[in-house]
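Residue strings, one per chain:
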Amino acid sequence: MGSPWRVLQLADSGFPTGGFAHSAGLEAAVQHGEVRGAAELRRFVRDLLWQTGHGALPLLSAAHREPSSLPTLDARAEAFLSSHVANRASRTQGRAFLDTCARIFPGPVAPVREAARAAGLRFHHAPLFGAVLHALEVSLNDAQQLFLSLTLRGALSAAVRLGVAGTHESHQLQHQATALLDDVLAQCSGLGPEDLAQPAPLLDLLGSTHDRLYSRLFQS
């Protein structure tokens, strides 16, 4: 399988995929008064990770297991992400992730990008993440863990920039979420596209209001 150094490179906060331009709905939750401090942020993170486990990991896992199914999984993501904000964010992040990996790892990933373009994909993030990490010979378990970790880190980084948490507090929350990450992985790692679900509808509703916020720091 792929080198563990490659996983660390993909996990590096400096890896230029543009993920830090998104707050996963946290900015809207803060402006609507749903997240004011550590307690609410902890609840938001919990809901976000379970939503990722049920709404993204099934697509990631299926694409990793069978990369040739990427067009079907991309279409499934398009239908599943009914919120225009979440849908747009998924497509933006997916395209950025694919383009970046194709530039940095042209040998294994450039063919994935060429096939995706030829198929006219919408470039949704979760299935593309699975297909790209398969091409990079990263194991499925590592790919799932990495995706969950990046989701958590992105939300907590957004919390710092929004003034909801300090840097030390955000890393303390990240450490405290270890057991939660293990639970989500244990319950969701074996799910397939037929198991897609939305376990956090309030999070989805709040995120869908992002375009109507008076001021915005993030794209989603």
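Structure's up top.
Residues numbered from 1 in each chain as written. Predicted model: local features only at pLDDT ≥ 70, side-chain atom pairs only at ≥ 80, totals over all residues. Heavy atoms only, no water.

(A) Just the overall build of the protein, in detail. A count of helical and extended segments in the protein gives 12 helices and zero strands. Beginning at the N terminus, the succession of helices and strands in the protein can be written as α-α-α-α-α-α-α-α-α-α-α-α. The globule rule puts the C-alpha radius of gyration for 220 residues at 17 Å, and the 16 Å found for the protein is close to it. Here the C-alpha coordinates of the protein stretch approximately 45 × 35 × 30 Å along the principal axes. (Helix = DSSP H or I, 4+ residues; strand = E, 2+ residues; numbered from the N terminus. Rg over C-alpha atoms; globule rule 2.2 N^0.38 Å.)

(B) The arrangement of the nonpolar core in detail. One finds Leu10, Leu41, Val132 and Leu133 to be the most contacted residues of the largest nonpolar core, which totals 63 residues. Looking at this core, the element that brings in the most residues is helix H9 (residues 140-161), giving 10 residues. Those residues within four positions of Leu41 in sequence are excluded, and the remaining contacts are Leu26, Val35, Leu156, Ala159, Val164, Ala165 and Leu173. (Core = buried A, V, L, I, M, F, W, Y, C linked by side-chain atoms within 4.5 Å. Buried < 20%, exposed > 50% of the residue type's maximum accessible area, 1.4 Å probe, protein only. Contact = heavy atoms within 4.5 Å.)

(C) Region of the structure containing the environment of Thr72. Its location among the elements puts Thr72 in helix H5 (residues 70-80). Take Thr72: its relative accessible area is 57%, and that puts it in the exposed class. Placed 49 residues apart in sequence, Thr72 and Leu121 show a C-alpha to C-alpha distance of 9.3 Å.

(D) Here's a closer look at the environment of Leu162. Structurally, Leu162 can be placed in the loop between H9 and helix H10 (167-176). The class of Leu162 is partly exposed, set by a relative accessible area of 24%. As for Leu162 and Asp183, which are separated by 21 residues in sequence, their C-alpha atoms are 28 Å apart. Each residue touching Leu162, except ones within four places of it in the same chain, is listed here: Leu26, Glu27, Val30, Leu217 and Phe218.

(E) Molecular detail of helix H4 (residues 57-65). Taking burial as the measure, the nine residues of H4 include eight buried ones, the bulk of the element. All buried positions along H4 are accounted for by Leu57, Pro58, Leu59, Leu60, Ser61, Ala62, Ala63 and His64. Those residues of H4 that are buried are in contact with helix H3 (38-55), H5, helix H8 (125-135), H9 and helix H11 (178-188).

(F) Summary view of the packing of H3 against H11. The N-to-C vectors of H3 and H11 enclose an angle of 20°; their axes lie 9 Å apart at closest approach. Overall, the two elements H3 and H11 adopt an arrangement that is roughly parallel. The interaxial crossing formed by H3 with H11 has right-handed handedness. Facing H3, whose interface residues are Val45, Arg46, Leu49, Trp50, Gly53 and His54, H11 presents Leu180, Leu181, Asp183, Val184, Gln187 and Cys188. Split into classes, the residues belonging to the contact of H3 with H11 amount to seven nonpolar, three polar and two charged. (Axes fitted to C-alpha atoms, helices over the stretch in contact; angles between N-to-C directions. Parallel < 35°, antiparallel > 145°, perpendicular 65-115°, else oblique. Left-handed = near helix turned anticlockwise from the far one by under 90°. Nonpolar A, V, L, I, M, F, W, Y, C, P; charged D, E, K, R; others polar.)

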